[in-house]
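The residues making up each chain are set out below.
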Amino acid sequence: MNKPDILVIEDDNAVANLIAATLETQDYRYKRASTGAGGVMEALSMKPDVVLLDLGLPDMDGVDVIRKIRSWSNMPIIVVSARSEDFDKVSALDAGADDYLTKPFSVDELLARLRVALRRVRYDGSKLGDESSVYENGELKIDYAAGCVFLRGEEIHLTPIEYKLLCLLARNTGKVLTHNYILKEVWGSPSASDVPSLRVFMATLRKKLERDSAHPEFIQTHIGIGYRMLRRSCRRGDSQENLE
């Protein structure tokens, strides 16, 4: 099996070397770029499976790099940045990043985030040309054609808003969706004043899905940022890394 291709866009040589050494331990293939423009060109020519992107680049902001890549590709982008403010995370995620890892980071966490992104690549690839009318994620099943949701073999009844929220999360499994993105897609308006309503609907949805809200099986909360649908294995009790 071919190893994944990773593009590292990072101008700090020490950090880039650490990431490169980490990728080498897994036999991942990778290329490096130290500028935003160079990174965009590498992304165009290399078409990597995952991009690891720093925001503080010498020639342009990393958020602009995300926007440029998103204008032609849906490849997973994981931001690896020293910027830890919610504003920076939301800006990157709203621009189209899939995940956000704050420096300093552990090698194990970086690899875990990569595995999550690569699972999404494999899942999306298996669905190319086959837009299924049924979504299955562990013990959760959505029949889009019938508008029905089943959990552990039993139908669960959702309100129209709850159903729209669940479908949006399901169609973006593994990706962090910001409050603004969800509000725009479900309500048509990304107003900050609507965030409390979103939290209420999400709480009622999770109550219907989760056995234990403290240990979510499906919907993960990223405090101050948004929500993510976790990728579940078909085997009971087996799930992807539960990342905060």
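So, a few notes on the structure that sits alongside this text. Everything numeric here is computed off the predicted structure, so don't read it as measured data. (Residues numbered from 1 in each chain as written. Predicted model: local features only at pLDDT ≥ 70, side-chain atom pairs only at ≥ 80, totals over all residues. Heavy atoms only, no water.)

**So, the nonpolar core**
Core analysis: the largest hydrophobic core is formed by 29 residues, its most contacted members being Leu140, Ile142, Leu166, Leu209 and Ile219. Within the residue set of this core, elements represented by two or more residues are strand 7 (140-143), strand 8 (148-151), helix 6 (160-171), helix 7 (179-186), helix 8 (195-209) and strand 12 (226-229). The biggest single contributor to this core is helix 6, with eight residues. The residues contacting isoleucine 142, other than those within four sequence positions of it, are Ser133, Val134, Tyr135, Cys148, Val149, Tyr163, Leu166, Cys167 and Ala170. (Core = buried A, V, L, I, M, F, W, Y, C linked by side-chain atoms within 4.5 Å. Buried < 20%, exposed > 50% of the residue type's maximum accessible area, 1.4 Å probe, protein only. Helix = DSSP H or I, 4+ residues; strand = E, 2+ residues; numbered from the N terminus. Contact = heavy atoms within 4.5 Å.)

**Some details on empty space enclosed by the protein**
Per the counting criterion, the structure on display carries three cavities of 30 Å³ or more. Estimated volume of the largest cavity: approximately 60 Å³. Taken together, Ile78, Asp98, Asp99, Arg113, Val116, Ala117, Arg120, Gly174 and Arg228 form the lining of the largest cavity. Take the lining of the largest cavity: its biggest share by element is four residues, from helix 5 (residues 107-126). Tallied by class, the residues present in the lining of the largest cavity amount to three nonpolar, one polar and five charged. (1 Å grid on protein atoms, 1.4 Å probe; cavity = no way out; pocket = protein on both sides within 12 Å on 5 of 7 lines; lining within 4 Å. Points joined across faces, edges and corners; volume = space filled by probe spheres on them. Nonpolar A, V, L, I, M, F, W, Y, C, P; charged D, E, K, R; others polar.)

**With respect to the packing of helix 3 (residues 62-70) against helix 4 (residues 86-95)**
At their nearest, the axes of helix 3 and helix 4 sit 8 Å apart, and the two run at 15° to each other. With respect to each other, helix 3 and helix 4 are oriented roughly parallel. Crossing of helix 3 against helix 4: the hand is right-handed. Where helix 3 abuts helix 4, its residues Val63, Ile66, Arg67 and Arg70 lie against Ser91, Ala92 and Ala95. Its residues assigned to classes, the contact of helix 3 with helix 4 comprises four nonpolar, one polar and two charged. (Axes fitted to C-alpha atoms, helices over the stretch in contact; angles between N-to-C directions. Parallel < 35°, antiparallel > 145°, perpendicular 65-115°, else oblique. Left-handed = near helix turned anticlockwise from the far one by under 90°.)

**Description of helix 8**
The α-helix winds at 3.6 residues per turn, so residues separated by three or four positions along the chain end up facing the same way. Compared with the 21 Å implied by 1.5 Å per residue over 15 residues, the 21 Å span of helix 8 between its first and last C-alpha is a close match. Turning to helix 8, its buried residues are Val195, Leu198, Met202, Leu205, Arg206 and Leu209. The arc that holds the buried residues of helix 8, viewed along the axis, is 100°, so those residues lie on one side. In helix 8, those exposed residues whose orientation departs by more than 90 degrees from the buried face are Val200 and Lys207. (Expected span 1.5 Å × (residues − 1). Arc of directions from axis to C-beta.)

**Observations concerning the pattern of salt bridges**
If you walk through the whole model with that rule in mind, you get 15 salt bridges. Two residues, arginine 70 and aspartate 98, come together in a salt bridge whose shortest N-O distance is 2.8 Å. Note that arginine 70 is positioned in helix 3 and aspartate 98 in the loop between helix 4 and strand 5 (99-102), a separation of 28 residues in sequence. Taken individually, arginine 70 and aspartate 98 each receive the classification buried, so the pair is uniform in this respect. Salt bridges here are not isolated pairs; linked through shared partners, they connect Glu139, Arg152, Arg211, Glu217 and Arg232. (Salt bridge = Lys/Arg side-chain N within 4 Å of Asp/Glu carboxyl O.)

Just distances and angles here, no functional claims.
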